[in-house]
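What follows is each chain in one-letter form.
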Amino acid sequence: MLDYTKLSREVSYILRHNPDKYGIKLDAEGWCSVDDLIDKLSETPLWKGLTRADLETMIELSDKKRHEIKAEKIRAFYGHSIKNKLSKTANKPPKVLYHGTVERFLNQILQTGLIPKERQYVHLSSDVNTAQQVALRRDDRAIILEVAAQSAWENGVKFYIGNEDIWLSDPIPSEYISIIEDK
Ligand code: HQG
């Protein structure tokens with residue numbers, strides 16, 4: 001059977017980080033042609049014979065909605081590519097949002113605030129549970145930060161809707177961040 005997790009990672013890499021390397025063109029909203037993507041992937045022996053149905057199954061089997069296909073096009077569901085600054089509309093966030101992190105980053109975050117690091121935006125969650133899952137990918141101990149999102153927004157920090165659980169934002173200065181849970 002096709003390794004759909006591996007395929008999903010590879011598609012994310014191409015669409016989010018390195019479309020140029022594969023000669024893939026993204027439009028302003030991050031879409032590229034499904035056929036072009038399949039052609040490029042099929043050049044690798046691993047993905048020879050890949051079909052659109054395989055990509056659809058990949059999206060269906062994923063625990064999270066990472067990609068979407070519409071008509072002839074595919075894109076990473078929320079674009080946080082480094083190279084392709086996608087045009088997104090800023091949105092007013094809820095009063096508070098959460099960010100799950102780990103002990104080793106804490107001091108730095110409390111000093112400099114949250115930064116996107118390798119991504120285009122900081123990732124925030126609308127609920128504590130999702131923030132916990134994000135943190136637990138890194139360590140078996142999650143540190144949950146509460147972000148005073150609406151105050152930050154009122155002071156000019158931009159927020160964007162990611163998907164149902166995730167909000168994206170520009171860097172969050174430390175004055176809007178507090179530790180709520182430490183377990
Ligand atoms: C930390 C997954 C030091 C930040 C999940 C995090 C998520 C700082 C790490 C999505 C810092 C960045 C994103 C600072 C932030 N100093 N460390 N000033 N500011 N950090 O992976 O939020 O699988 O880029 O706490 O579901 O962990 O990609 O971000 O630990 O929604 O679909 O630097 O990744 O989705 O790590 O996770 P990441 P994240 P996907």
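An unreviewed UniProt entry annotates the chain as Probable RNA 2'-phosphotransferase of Streptococcus oricebi. Check the Sequence similarities (unreviewed entry) section of the UniProt entry for the chain; it says "Belongs to the KptA/TPT1 family." Looking at the Function (unreviewed entry) heading of the UniProt record, one finds this comment for the chain: "Removes the 2'-phosphate from RNA via an intermediate in which the phosphate is ADP-ribosylated by NAD followed by a presumed transesterification to release the RNA and generate ADP-ribose 1''-2''-cyclic phosphate (APPR>P). May function as an ADP-ribosylase."

Our focus in this paragraph is the site of the ligand. Around the ligand, the surrounding shell holds 20 residues, and the nearest of these are Lys 64, His 99, Thr 101, Arg 119 and Arg 137. Between a nitrogen atom of the ligand and a main-chain N or O atom of Gly 113, the distance comes to 2.8 Å. Arg 137 has a polar side-chain atom sitting 2.8 Å from an oxygen atom of the ligand. Starting from 790 Å² of accessible surface for the ligand in isolation, the protein chains cover 91%.

With antiparallel pairing, the three strands of this open sheet are ordered in space as β1-β3-β2. On the outer flanks of this sheet lie β1 (32-33) and β2 (67-70), each paired with one strand and no other. Bridge count between β2 and strand β3 (residues 73-76): four bridges; the pairing is antiparallel. For His 67, the partnering residue across the bridge sits in β3 and is Ala 76.

Time to look at a positive patch on the surface. A cluster of like positive charges, contributed by Lys 64, Arg 104, Lys 117, Arg 119, Arg 137 and Arg 138, occupies part of the molecular surface. As for its position among the elements, Lys 117 is in the loop between α4 (103-112) and β5 (122-125). Given a relative accessible area of 57%, Lys 117 falls into the exposed group.

Let's shift gears to unusual backbone geometry. The phi torsion at Ala 71 lies on the positive side, around 50°, for a residue other than glycine. Take Ala 71: it is sitting in the loop between β2 and β3. The phi angle at Lys 117 is positive, at roughly 50°, despite the residue not being glycine.

So, on to the confidence of the model for the chain. A residue-level look at the chain finds 92% of positions with pLDDT of 70 or above and a mean pLDDT of 88. Counted against residues more than four places away or in other chains, residues 79-85, with its pLDDT under 50, gives 24 contacts.

A few words on the environment of Leu 168. With respect to the secondary-structure elements, Leu 168 resides in strand β8 (residues 166-169). Relative accessible area serves as the criterion here: at 0%, Leu 168 is assigned to the buried category.

Here the focus is the side chain of Ser 125. Tracing the backbone through its elements, the reader meets Ser 125 in strand β5. Classification of Ser 125 as buried rests on a relative accessible area of 3%.

Any two aromatic rings considered together are summarised by their centre-to-centre distance and by the angle between their planes. Under the counting rule described, the total for this entry stands at one aromatic pair. Between Tyr 121 and Tyr 160, the ring centres sit 4.7 Å apart and the planes meet at 45°, which makes this aromatic pair tilted. Within this pair, whereas Tyr 121 is found in the loop between α4 and β5, its partner Tyr 160 is found in strand β7 (residues 159-161), the two being separated by 39 residues in sequence. Residue classification places Tyr 121 among the buried positions, given a relative accessible area of 6%.

With that settled, the discussion passes to the layout of surface pockets. In this approach, a probe sized like a water molecule rolls over the atoms, and the result shows the empty space that is left. Estimated volume of the largest pocket: approximately 1,300 Å³. Lining the largest pocket are 45 residues; nearest its centre among them are Arg 119, His 123, Val 134, Arg 137 and Arg 138. Mapped onto the lining of the largest pocket, the elements with two or more residues apiece are α1 (4-17), α3 (52-61), β4 (97-101), α4, β5 and α5 (128-136). A per-element tally of the lining of the largest pocket places α1 first, with eight residues. When grouped by side-chain class, the residues that make up the lining of the largest pocket number 17 nonpolar, 17 polar and eleven charged. Viewed by domain, the lining of the largest pocket spans two of them, domain 1 (4-83) and domain 2 (89-182), each represented by three or more residues.

About the criteria used
- Residues numbered from 1 in each chain as written.
- Predicted model: local features only at pLDDT ≥ 70, side-chain atom pairs only at ≥ 80, totals over all residues.
- Heavy atoms only, no water.
- UniProt positions renumbered as here; feature names shortened; annotations may be inferred.
- Near = heavy atom within 4 Å.
- Polar contact = N/O pair within 3.5 Å; in protein donor to acceptor, adjacent residues only side chain to side chain.
- Areas by Shrake-Rupley, 256 points an atom, 1.4 Å probe, with all protein chains shown as cover.
- Pairing = 2+ DSSP bridges.
- Helix = DSSP H or I, 4+ residues; strand = E, 2+ residues; numbered from the N terminus.
- Patch = residues over 30% accessible without salt bridge, like charges linked within 9 Å, V, L, I, M, F, W, Y side chains within 5 Å.
- Salt bridge = Lys/Arg side-chain N within 4 Å of Asp/Glu carboxyl O.
- Lys, Arg positive; Asp, Glu negative; His and termini not counted.
- Charge placed at Lys NZ, Arg CZ, Asp CG, Glu CD.
- Buried < 20%, exposed > 50% of the residue type's maximum accessible area, 1.4 Å probe, protein only.
- pLDDT = per-residue confidence, 0-100.
- Contact = heavy atoms within 4.5 Å.
- Phe/Tyr/Trp six-rings, centres within 6.5 Å; stacked < 30°, edge-to-face > 60°.
- 1 Å grid on protein atoms, 1.4 Å probe; cavity = no way out; pocket = protein on both sides within 12 Å on 5 of 7 lines; lining within 4 Å.
- Points joined across faces, edges and corners; volume = space filled by probe spheres on them.
- Nonpolar A, V, L, I, M, F, W, Y, C, P; charged D, E, K, R; others polar.
- Domains from an automatic or database assignment.

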